[in-house]
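Structural description and commentary
What follows is the residue order along each chain.
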Amino acid sequence: METDATYRGTVYPWQCDHIGHMNIMWYVGKFDEANWNLIARLGLTPSYLRESGRGMAAVQHNISYKRELLAGDIVEIRSRLLDMSDKSIRMLHEMRNAETGEIAATCEITGVQLDRQARKSALFAPAIRNAALKHLSPAEAAPA
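Attention in this report is confined to the structure presented alongside it. In every chain, residue numbers begin from 1 and rise along the written sequence. Owing to the predicted nature of the model, reporting of local features is limited to residues with pLDDT of at least 70; listing and counting of side-chain atom pairs is limited to 80 or more, with chain, interface and lining totals taken over all residues. To obtain the side-chain values, all non-hydrogen atoms of the structure were used and water was disregarded.

**Comments concerning the pattern of salt bridges**
For clarity, the threshold we go by: Throughout this description, the term salt bridge denotes a Lys or Arg side-chain nitrogen within 4 Å of a carboxyl oxygen of Asp or Glu. Comment: elements are numbered from the N terminus, with helices defined as DSSP H or I runs of at least four residues and strands as E runs of at least two. Per-residue accessibility, obtained with a 1.4 Å probe over protein chains only, is compared with the maximum for each type, and a residue is labelled buried under 20%, exposed over 50%, and partly exposed between these values.
For the structure on display, the rule yields seven salt bridges. For R67, the salt bridge identified is with E102, shortest N-O distance 3.1 Å. You can see R67 sitting in the loop between strand 2 (54-65) and strand 3 (74-84) and its partner E102 sitting in the loop between strand 4 (88-97) and strand 5 (103-115), a full 35 residues away along the chain. For the salt bridge of E94 with R96, the shortest nitrogen-to-oxygen distance reads 2.9 Å. E94 sits in the partly exposed class, given a relative accessible area of 25%.

**Comments concerning the environment of C107**
Applied cut-off: Two residues qualify as a contact provided that any one of their heavy atoms is within 4.5 Å of a heavy atom in the partner residue.
Relative to the helices and strands, C107 resides in strand 5. A relative accessible area of 0% places C107 in the buried class. The sequence separation of C107 and S79 amounts to 28 residues, and the corresponding C-alpha distance is 9.3 Å. Here C107 is in contact with F31, N62, I63, M91, L92 and H93, once residues within four sequence places are set aside.

**Focus on the nonpolar core**
Inclusion rule: The set of buried Ala, Val, Leu, Ile, Met, Phe, Trp, Tyr and Cys residues whose side-chain atoms join them within 4.5 Å is what this entry labels a nonpolar core.
The biggest cluster of nonpolar side chains holds 29 residues, and the ones touching the most others in it are L69, I89 and M95. The greatest single-element share of this core, amounting to five residues, is contributed by helix 1 (residues 24-41). If we skip the residues at most four places from it in the chain, I89 touches L42, M56, L81, D83, M84, I109, T110, G111 and F124.

Rendered as structure tokens:
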């Protein structure tokens, strides 16, 4: 499991809604940025995706909002791999207020690898799959 943050940033006033807290569109955007950082660690880098003709598509997002974030709050997201199959990957992102340590939101994302030309799901390359499986925590890894 990764220990480094996959996203760090700040809540800007223009990201807040009329109630004064960060609008949900910005939660999704920050989780998306964390997602790309996590999958790059697995070898699904922009260069790899371009050169291999592959792409990634999110097919499901499940977000739980726990605490509001306000303008000026520092945000940190830590992410981990939950599951990996031949064509899909499932990740969990935990967004925290970096000052207080409180969990602001969590997001579970399921993504599918695509063959961009065929516009269909595609198998992960063995090297990608092997790298990803090393990132599963013991509790999440399938029994041998």
